[in-house]
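Listed below are the residues making up each chain.
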Amino acid sequence: MAYENDMNLKATELRLGLPGTIDESQIKEPSFLKSNNKRSSGDMDNSANEDECSPVPKAQVVGWPPVRSYRKNVLQQQKKNFDSDVLGMYVKVSMDGAPYLRKIDIKVYKNYPDLLVALENMFKFSIGVYSEREGYNGSEYAPTYEDKDGDWMLVGDVPWDMFVNSCKRLRIMKGSEVKGLGCL
Amino acid sequence: MHSFQSMLNYFPEEVLEHVFDFLTSHRDRNAVSLVCKSWYAVERFSREKVFVGNCYAISPERLIARFPRFRSLTLKGKPHFADFNLVPNDWGGYVQPWIESIVRGGVNLEELRLKRMLVSDESLELLATFFPNFKSLVLVSCEGFTTDGLAAIASNCRFLRELDLQENEVEDRRGQWLSCFPDSCTSLVSLNFTCLKGEVNLASLERLVARCRNLRSLRVNNAVPLDALQRILAQAPQLVDLGTGSFVHDPDTESYNKLETSMQKCTSITSLSGFLDVSARCLPAVYPICGQLTSLNLSYAPGIYSDELVKLICYCNRLERLLVLDTIGDKGLGVVASSCKELQELRVFLSDVYGIGNTAVTEEGLVAISAGCPKLNSILYFCQQMTNEALIMVAKNCPNFIRFRLCTLNPTVPDAITMQPLDEGFGAIVKSCKDLKRLSISGLLTDQVFLYIGRYAKQLEMLSIAFAGDSDKGMLCVLNGCKKLKKLEIRDCPFGNVALLADMGKYETMRSLWMSSCEVTFGACKTLARKMPRLNVEIINENDQIEASFDDKQKVEKMYLYRTLVGPRKDAPGFVWTL
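Residues numbered from 1 in each chain as written. Chains lettered and ligands numbered in written order. Predicted model: local features only at pLDDT ≥ 70, side-chain atom pairs only at ≥ 80, totals over all residues. Heavy atoms only, no water.

Undergrad: What is the right way to look at the overall build of chain A in this model?
TA: For chain A, the count of helices and strands is 4 helices and 7 strands. Walking chain A from its N terminus toward its C terminus, one meets helices and strands in the order α-β-β-α-β-β-β-β-α-β-α. Put simply, chain A has 184 residues, and 41% of those count as buried. Across chain A, every contact between residues at least 6 apart in sequence was considered, and the portion connecting residues at least 24 apart equals 50%. Here chain A displays about 10900 Å² of accessible surface, and carbon together with sulfur accounts for 53% of that area. (Helix = DSSP H or I, 4+ residues; strand = E, 2+ residues; numbered from the N terminus. Buried < 20%, exposed > 50% of the residue type's maximum accessible area, 1.4 Å probe, protein only. Contact = heavy atoms within 4.5 Å. Areas by Shrake-Rupley, 256 points an atom, 1.4 Å probe, with all protein chains shown as cover.)

Undergrad: What should I look at first to understand helix H6 (residues 96-104) of chain B in this one?
TA: The periodicity of an α-helix, 3.6 residues per turn, causes residues three or four positions apart to be oriented the same way. Taken together, the buried positions of H6(B) are occupied by Gln96(B), Trp98(B), Ile99(B), Ser101(B) and Ile102(B). Of the residues trailing H6(B), Gly106(B) is marked for its positive phi of about 65°.

Undergrad: Would you mind going over the packing of helix H10 (residues 226-235) of chain B against helix H11 (residues 254-265) of chain B with me for this structure?
TA: Each pair of packed helices gets described by two things: the angle between the helix axes and the distance between those axes. Residues and elements named next belong to chain B. Where H10 meets H11, the axes come as close as 9 Å, and the angle between the chain directions of the two elements is 35°. Seen along the crossing, H10 lies across H11 with a hand that is left-handed. Between H10 and H11, the contacting residues are Leu226, Asp227, Leu229, Gln230, Leu233 and Ala234 on the first element and Ser255, Tyr256, Lys258, Leu259, Ser262 and Met263 on the second. Here the contact of H10 with H11 is composed, by residue class, of 7 nonpolar, 3 polar and 2 charged. (Axes fitted to C-alpha atoms, helices over the stretch in contact; angles between N-to-C directions. Left-handed = near helix turned anticlockwise from the far one by under 90°. Nonpolar A, V, L, I, M, F, W, Y, C, P; charged D, E, K, R; others polar.)

Undergrad: Which parts of the structure should I look at to understand the packing of aromatic side chains?
TA: To describe a pair of aromatic rings, one takes the distance between the centres and the angle between the planes. As enumerated under the stated definition, the model contains 26 aromatic pairs over all chains in all. Note on Tyr145(A) and Phe163(A): the rings are 4.8 Å apart at their centroids and 90° apart in plane angle, and the pair reads as edge-to-face. Of the two residues, Tyr145(A) sits in strand E5 (residues 141-146) while Phe163(A) sits in helix H3 (residues 160-166), which places them 18 residues apart along the sequence. Take Phe163(A): its relative accessible area is 0%, and that puts it in the buried class. Members of the aromatic cluster, joined through ring pairs, are Tyr56(B), Phe81(B), Phe84(B), Trp91(B), Trp514(B), Tyr560(B) and Tyr562(B). Looking at Arg71(A), its charged tip hangs above the ring of Tyr300(B), at a distance of 4.1 Å from the centre. Seen from the ring of Trp91(B), Arg569(B) lies directly overhead, with NZ or CZ sitting 4.3 Å from the centre. (Phe/Tyr/Trp six-rings, centres within 6.5 Å; stacked < 30°, edge-to-face > 60°. Lys NZ or Arg CZ within 6 Å of the ring centre and 35° of its normal.)

Undergrad: I would appreciate a short explanation of the sheet that holds strand E6 (residues 152-154) of chain A in the present structure.
TA: The strands making up a sheet associate through backbone hydrogen bonding, with each pair oriented either parallel or antiparallel. Residue and element names in this part refer to chain A. Reading across from one edge, E2-E1-E7-E5-E6 is the order of the 5 strands in this open sheet, with mixed pairing throughout. In this open sheet, the two edge strands, each paired with only one partner strand, are strand E2 (102-105) and E6. Across this sheet, the average inter-strand angle for adjacent strands is 35°, counted without regard to direction. Note that E5 and strand E7 (residues 169-174) share 6 bridges and pair antiparallel. Note on E7: the bridge partner recorded for glutamate 146 is arginine 169. The strands touched by helix H2 (residues 112-123) are strand E1 (90-95), E2, E5 and E7; relative to E2, the strand with the most contacts, the crossing angle is about 155°. (Pairing = 2+ DSSP bridges.)

Undergrad: How should unusual backbone geometry be read in this particular structure?
TA: For residues besides glycine, phi is generally negative; the peptide bonds are generally trans as well. With omega at -5°, the peptide bond leading from Trp64(A) into Pro65(A) counts as cis. Its location among the elements puts Pro65(A) in the segment before helix H1 (69-87). You will see that Met419(B), though not glycine, has its phi angle at about 65°, which is positive. Following the sequence through the fold, Met419(B) ends up in the loop between strand E18 (403-408) and helix H17 (423-432). Phi at Ser517(B) is positive, roughly 55°, even though this residue is not glycine. Structurally, Ser517(B) is set in the loop between strand E22 (512-516) and helix H21 (522-531).

Undergrad: Is there a simple way to explain helix H15 (residues 363-372) of chain B in this structure?
TA: Residues and elements named next belong to chain B. Judged by how many residues are buried, H15 sits mostly within the fold: 7 of 10 residues are covered. When H15 is considered as a whole, its buried residues turn out to be Glu363, Gly365, Leu366, Val367, Ile369, Ser370 and Gly372. Looking at the buried side of H15, the elements it contacts are helix H14 (329-339), strand E16 (345-349), strand E17 (378-383), helix H16 (388-397) and E18.

Undergrad: What is the right way to read a negative patch on the surface from this model?
TA: Residue and element names in this part refer to chain B. A grouping of Glu13, Glu14, Glu17 and Asp21 is seen on the molecular surface, where their side chains present a negatively charged patch. One can find glutamate 13 in helix H2 (residues 13-21). Residue glutamate 13 is classed as exposed on the basis of its relative accessible area of 52%. (Patch = residues over 30% accessible without salt bridge, like charges linked within 9 Å, V, L, I, M, F, W, Y side chains within 5 Å. Salt bridge = Lys/Arg side-chain N within 4 Å of Asp/Glu carboxyl O. Lys, Arg positive; Asp, Glu negative; His and termini not counted. Charge placed at Lys NZ, Arg CZ, Asp CG, Glu CD.)

Undergrad: Is there a simple way to think about the confidence of the model for chain A in this case?
TA: The predicted coordinates of low-pLDDT regions are not to be read in fine detail. Confidence in the prediction of chain A, expressed as mean pLDDT, is 69, and 58% of residues score 70 or more. Below a pLDDT of 50 lies the segment residues 1-8 of chain A, which in the model reaches 9 contacts outside its immediate sequence neighbourhood of four places, other chains included. (pLDDT = per-residue confidence, 0-100.)

Undergrad: I'm lost on a nonpolar patch on the surface in this one. Help?
TA: A surface patch of nonpolar side chains, amounting to about 250 Å² of accessible area, comprises Phe11(B), Val15(B) and Val19(B). Of note, Phe11(B) is situated in the loop between helix H1 (2-9) and H2.

Undergrad: Would you mind showing me how to read the environment of Asn222(B) here?
TA: All names here are of chain B. One can find asparagine 222 in the loop between strand E9 (217-219) and H10. Its relative accessible area of 33% is what places asparagine 222 among the partly exposed residues. The sequence separation of asparagine 222 and threonine 244 amounts to 22 residues, and the corresponding C-alpha distance is 7.8 Å. Excluding residues that lie within four positions of it along the chain, asparagine 222 makes contacts with Gly245, Ser246, Leu276 and Asp277.

Undergrad: What is the right way to look at the side chain of Ser136(B) in this model?
TA: All names here are of chain B. Residue placement: serine 136 occurs in strand E4 (residues 136-140). A distance of 2.7 Å separates polar atoms of two side chains, one belonging to serine 136 and the other to glutamate 162. Those residues in contact with serine 136, other than ones at most four positions away along the chain, are Glu110, Glu111, Leu112, Arg113, Leu160 and Glu162. (Polar contact = N/O pair within 3.5 Å; in protein donor to acceptor, adjacent residues only side chain to side chain.)

Undergrad: Looking at this structure, how should I read the packing of H6(B) against helix H7 (residues 121-130) of chain B?
TA: Residue and element names in this part refer to chain B. Packing of H6 against H7 brings their axes to within 9 Å, and their N-to-C directions diverge by 20°. Comparing their axes, H7 and H6 come out roughly parallel. Crossing handedness for the pair H6 and H7: left-handed. When H6 is examined against H7, the residues Gln96, Ile99, Glu100 and Val103 are found in contact with a partner set consisting of Glu122, Ser123, Leu126, Leu127 and Phe130. Taken together, the residues that form the contact of H6 with H7 break down as 5 nonpolar, 2 polar and 2 charged. (Parallel < 35°, antiparallel > 145°, perpendicular 65-115°, else oblique.)

Structural data, given as structure tokens:
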């Protein structure tokens, strides 16, 4: 079998696929790779010789399967919408000093103002005016959220859609901690 | 005898022109202009529609010089494989220089159709400003413009009949472009803005539809909700072609009931598409018109599963064209086969676009369709697996294929039962389908399939090959045998210099050749470019390697060559090198 000698350049291979997907299945080796043609860029694994009968290896190659970018984008977008429409996007909301937490479905809101007004009504407080330079000025509260990386971020910096897709929970900070954020 | 002869020689030009008027296809007109000098002269002054398959094959100045009275121009830019991310975005295909030349040339442009080109807002503004009779703009798979450019078109083109945007990447500036159609605009016949992502002013849209009594085709985008669609349909029951917007609503409401009523009154709709956002519960609203449909596109509705698809399709007895996702499954295709006896074109797309999962369609669905739909002549089929036996049966059932495109998820999958290459199956297709013009093959394939293609596919004009073949022999068979070949695109095949250089003159009879990840070397490309001055041989190298370091023996990653009358293009970006 040839795979003892193969150059496993998988790590540098250009792939079209979700990050983190590991292609563990053997890739069906095209017949032309059976001869020892060296290629200048990384290519498919040569170790697939043994697995002639494998029915569903998924080679993630650039441009294959041949689907137009437009179509890909539309279907991916729908998938995102569908997933979150069906499941709702309920996140916990805590307010410093409040006895218990609340939960809201952030998919219900179209933009930041909508969300902030809802939060204001829910917890009976008022949030300052958002500015990119100073965060929320004019109030002792600031809305923050925990993102997918586990970091606490100020609400309002990123585009709305990005926020909705990365927000795991909300926390309305109060008092001296808020000043800390405002001074960034 | 002598006077009869001279009578034949003297044919008033007006008569010739009148006769040529009946020739609409550019190929016929091209043929006619080759007969003799006087026919060439009459034809060139009377040609109104010009088709340029490769915008770099000719210059706008030369085009205007030959056809000074043309009014309609079709232009194509990037190579087909650009659709699949194999060509960088800024490779080229700019329409701006064309429009500038056409303005300078005093052409009375009325119609512009572009495919895979880069279009800027400035280009659209030029169109809107300098062509008072501009009537029709069709943009397919283009990019580079925003809704501001569309606003310019809407505001200024007083006689606009057609604005058709198909699958373009358009930046949405949320500037209410649709509201820019003035109240005096009543000429629209066709409006398609499905690919736009932003909202349009619904009241403006409804008013526009109401005053354009000749509107035949309307395709809206996702931002147009179902109740707005209902109001539009109520105003435009004469529509022939409808693309829905968001088709989601609570079916137990008055809005929905009104929609059903309005839909029923649309007795002229024969083409239905859209459904980018659709709830299966709303589909029954469409049932009343199913029996009149000849074209149905559900290929952007992944949430509709086989059962619901089938419930809809079984009413579509007149269907000639069907586009669906593989969610339909083999069983669903079986229902299509028994319900749609008039079917001519079928496209089954992937619902899982990265091809990671499995598809629900296999060779069985294809065989069922071929058995049930004798008029089938065009197919695009993404599937999990294929067998030679199935392809042979399909070839026998449907000898009328003009377009046959098969794509297996795994590009080198063998026959699912025998584990053999799929050579025999495709061989049967080309042997049986004598009028085959376009072919895409996939699966495990050896040189044998190319032997068959070269021997039998005599009418073939476009061939797409990926991960196939064993040696140069394969490509040579195709180049030698397919006399009518216009476009050949090859990726990841073991074809090299011998095949490339065997018949260099052949490429002047073709529009273009694309080869990527093959065995062709830099030296061979240089040789070809040197010997054939009327070809542009472009090397696309995205790694920014310095040209000097290219060794003749080095393999070329991407090569695109095309015939041209105007030499190397001046707008090539840094990573494209014309040899």
